[in-house]
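The residues making up each chain are set out below.
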Amino acid sequence: MQWLAIHFFRLPVEVLALPAPAVAIAQQRIVAADTAAAAAGVRPGQRLADALALLPGLRPHERQRAREVAALESLACWAGNFTPTVSLAPPDTVLLEIGGCLQLFGGLEPLLGKIRDGAAAQGLSLRLGLAATPLAARWLTHADSTVAHWQAALATLPVDVLGLSDAAERRLHALGLRTLAQLFALPGATVGHRFGQALPLQLAQARGELPDPQPPFAFPERFVQRLELPAKVEVADHLLFAARRLLMALAGWLQARQLGITTCTLVLDHEDIPATQLPLGFASLTRDSERLIRVAREQLERHRLAAPVTELQLQADAPQAMAGSSVALFGQQDAGNIAPVIERLRARLGDAAVHGLAVHDDHRPECATRAVPWPEPTDAPDTAPPPRPLWLHAKPQALHEVAGRPTYAGAALKLLTRAERLESGWWDQDEATGDLRRDYFVATTTQGAWLWIYRDAHGWWLHGQFA
Amino acid sequence: MSASPAALDALLQRADLWRGGGCAPHAEAALASGFAALDAVLPDGGWPCGGLTEVLAGGLGIGELSLFLPALRQLEAEAGWIVIVAPPAQVHAPAWQGLGLPLSRLLVVEAEGADAAWACEQLLGSGALAALLAWLPSADARALRRLQLASSSTRCLSLVFRPERVAPQPSPAPLRLALRGSDSGVQVELLKRRGPPLAKPLCLAIERPLPWSRLTRGAPAATPVRREPHVA
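For clarity, every value in this text was computed on a predicted model and none was experimentally measured. Think of each chain on its own: its residues are numbered from 1, step by step along the sequence as written. Each chain gets a letter, beginning with A, and each ligand a number, beginning with 1, in the order they are written. Local features in this predicted model are restricted to residues whose pLDDT is 70 or higher, and side-chain atom pairs enter the listing and the counts only when it is 80 or higher, whereas totals over whole chains, interfaces and linings include all residues. Just so you know, side-chain values use all the structure's heavy atoms and leave hydrogens and water out.

On to the overall build of chain B, then. On a plain count of helices and strands, chain B comes out with 7 helices and 11 strands. Counting across all 232 residues of chain B, residues that qualify as buried make up 51%. By definition in these notes, contact holds between two residues if any of their heavy atoms fall within 4.5 Å. Across chain B, contacts joining residues at least 24 apart in sequence account for 67% of those joining residues at least 6 apart. To measure how exposed things are, a 1.4 Å probe is used in the Shrake-Rupley method; for residues, cover is taken only from the protein chains shown. When the accessible surface of chain B is split by element, carbon and sulfur atoms take 55% of a total near 10800 Å². In DSSP terms, a helix is any run of H or I states spanning at least four residues, a strand is any run of E spanning at least two, and both are numbered starting from the N terminus. Only protein chains enter the area calculation, which uses a 1.4 Å probe; residues under 20% of their type maximum are buried, those over 50% are exposed, and those in between are partly exposed.

Let us look at the interface of chain B and chain A. Facing 62 residues of chain B, the contacting portion of chain A comprises 61 residues. By convention in these notes, a salt bridge is any Lys or Arg side-chain nitrogen within 4 Å of a carboxyl oxygen on Asp or Glu. The interface formed by chain B and chain A includes 1 salt bridge. Between B:Asp115 and A:Arg348 there is a salt bridge, with the nearest N and O atoms lying 2.9 Å from each other. Any N or O atom pair separated by 3.5 Å or less is treated as a polar contact, with the protein-specific requirement of one donor-capable and one acceptor-capable atom, and with residues adjacent in sequence counted only for side-chain atom pairs. Inspection of the region where chain B meets chain A yields 14 residue pairs in polar contact (both at pLDDT 80 or more). Counting residues per element, the ones that place at least two in the side of chain B that touches chain A are strand E4 (81-85), strand E5 (90-91), helix H4 (93-98), strand E6 (106-109), helix H5 (113-126), strand E7 (129-135) and helix H7 (213-216) of chain B. Classifying every residue of the side of chain B that touches chain A by side-chain character gives 36 nonpolar, 16 polar and 10 charged. Pairing between strands is defined by DSSP: at least two bridges between them are needed. When strand E15 (residues 391-402) of chain A meets E5(B), the two strands line up antiparallel, connected through 2 bridges. Looking at E5(B), one finds that A:Leu392 is bridged to B:Gln90. For this scheme, ten residues count as nonpolar: Ala, Val, Leu, Ile, Met, Phe, Trp, Tyr, Cys and Pro. Four count as charged, namely Asp, Glu, Lys and Arg, and the remainder, Gly too, count as polar.

Below, the discussion takes up the side chain of A:Asp34. Residues and elements named next belong to chain A. Along the chain, Asp34 falls in the loop between strand E3 (29-33) and helix H2 (35-39). Arg10 provides the closest opposite charge to the buried, unpaired Asp34, separated from it by 6.6 Å. Here Ala22 takes part through its backbone nitrogen, which lies 3.0 Å from a polar atom of the side chain of Asp34. Excluding anything up to four places from it in sequence, Asp34 contacts Arg10, Val13, Ala20, Pro21 and Ala22. For the purpose of charge, His is not counted, nor are the chain termini; Lys and Arg are scored as positive and Asp and Glu as negative.

Residues and elements named next belong to chain A. Cis geometry is adopted by the peptide bond preceding Pro21, which originates at Ala20 and carries an omega value of -10 degrees. As for its position among the elements, Pro21 is in the loop between helix H1 (11-14) and strand E2 (22-26). Not every positive phi belongs to a glycine, and Gln28 is a case in point at roughly 60 degrees. Its location among the elements puts Gln28 in the loop between E2 and E3.

Residues form patches when they are more than 30% accessible in relative terms and have no salt bridge. Like charges link within 9 Å. Nonpolar side chains (Val, Leu, Ile, Met, Phe, Trp, Tyr) link within 5 Å. A surface patch of nonpolar side chains, amounting to about 240 Å² of accessible area, comprises B:Leu8, B:Leu11 and B:Leu12. Relative to the helices and strands, B:Leu11 resides in helix H1 (residues 5-12).

Residues and elements named next belong to chain B. One ladder, built from 6 bridges, connects strand E9 (residues 175-181) with strand E10 (residues 186-192); its direction is antiparallel. Bridge pairing in E10 places Gly181 opposite Val186. Linkage of E9 to E10, two consecutive antiparallel strands, is achieved through a turn of 4 residues, within which Gly185 is found at a positive phi near 155 degrees.

This part takes up the packing of H5(B) against helix H6 (residues 141-152) of chain B. All names here are of chain B. Note on geometry: axes are C-alpha line fits, over the in-contact stretch for helices, and angles between N-to-C directions span 0 to 180 degrees. As a packed pair, H5 and H6 sit with axes 9 Å apart at the nearest point and diverge in direction by 10 degrees. As summarised for this structure, H5 and H6 are arranged roughly parallel, according to the angle between their axes. Of the two elements, H5 crosses H6, and the hand of that crossing is left-handed. Residues Ala117, Cys120, Glu121 and Leu124 of H5 lie in contact with H6, whose contacting residues are Ala143, Arg146, Leu147, Ala150 and Ser151. Of the residues belonging to the contact of H5 with H6, the class tally is 6 nonpolar, 1 polar and 2 charged. Each angle gets one of four labels, with under 35 degrees taken as roughly parallel, over 145 as roughly antiparallel, 65 to 115 as roughly perpendicular, and the rest as oblique. For a crossing to be left-handed, the near helix must be turned anticlockwise from the far one by less than a right angle; the clockwise case is right-handed.

Following this line, the structure appears as structure tokens:
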């Protein structure tokens, strides 16, 4: 077992997503300061007045515990990207059992890199702690320590990490006990007698001498998450940052539940008018956060907001089971990775602009081709088909008849075949192509172009080209 | 003092040494064009996979696609997708299928102007393409350069079809062809290749719906359209 504790130590302020510098406050005292405020010397526990004296431009905001709880659950979903064994350690820590997934990510460093990048993309600061026991991992987040010799690192931690009462801490200091190593050296019974029975228990759990089972985080059955925006957003572009948090959580949730989606809906809540539904479509079943974000970006860039947005909501529509993919063996080429590109093209050009083709059994040329969203395996035709052009004009072009012969661009055409009669189609007379009666010919121009022309009661028409 | 013949041979084997008379040897993979006369004059010994090929056709229907049919048919299913970008007319599926092109690996992207060039670049970047057939009549040199860059890092047969009138404009494509129709086949002129210019165009008897001999034989006379008397 290897536990990684991720401590979002600025969660109370970062969940508010205020412009820097900002602080979250409770009872006129600082709870958490963002990076800019911390750099100016603002510390948790300070009075707001002191902080404002240090940094006059500071934006204080009352702490919102409900949002912190929601954010921590969302982060647990995101952690599903890395491991299925996730536990919450409220108020601001998530515990991941990563012993089983190191191989998948190619070692500890690549995994930690991914976690740090993911948190940075969501605008969250974190400290990590790595140990064989969950409690030690949580304590080690104070030193942001992910070293392999976690026992040695644990021993050097100050006693402050224990989170004891002020009185107990003062007594520890009075006894000259500053580090955990000094505490470990004392007999457990004595420590329990002086500081309460919980402390030796915790010390034993942290060192792995007593079991410390963690309740696993239950990934919700349905994914519907909301994100309140700190200020009304008037440009769709600016929503991407907030949407990214939701999408990354969605990707983790899908990963942990072994699901994939082809659509999800981003709901933009407005103050006065009904919410806007922004469907995000994917060419194939996916749970890749990059793909989710890319499609969301394309959609948001093109979207014009009807009114300022106050809140975002993301819901996964109809998730389906999606098995994991195997890693390529012996350099097999995977031709399936066209799907992300198709999504990008569809997001920009429209869904109908990218399509596959299927042959429809109809003798009328206009009706023989059908656009399909995704090509299907087809069988080659058994019989040699009559000559058909590669290009077909949606609207046949009228050709002039001069001295009984059709002409194209002023020059007479040379007919190469006898008439091929295509007729009938009475069954969709009123709604589609309808009844037709045509004689088709293959013809060439003096420039050497091969055309497919036909003659009907109204004259000569150019219908296609043998490209 | 004279260099030994062995040293000279070694020198001639170098890829970066370009001799005036021959074509630059090129490491890129090529796809046999299906015409021995054409393979002999193409620098790679076939259509280049990776790198843009610009095809300037003097009109629709002179055989601008049929010229590439033998190569397109060779593409294996594992090689990837065949994508048609901004086709000049509707793609008639039965004809494509009838000529042996797999509809199951064919995608059509309808786009115009700058969007079409952007789509090509995105598609080439995916690395999932076996062949790209794009009609970019209004693409400028900058767009083509971007495509050439995107294409050179892939193993995709990248064909860009453009009208004949852009022939005098400079182009970053390493291979440029001009096609003209004729009575006995399609005239292929190599406007640009990695090598000396070709003295005279090749005439290739490409696959057509009817044998070429039909062109020179007497044709069935056209019967004029009988105008139906207008019933009042």
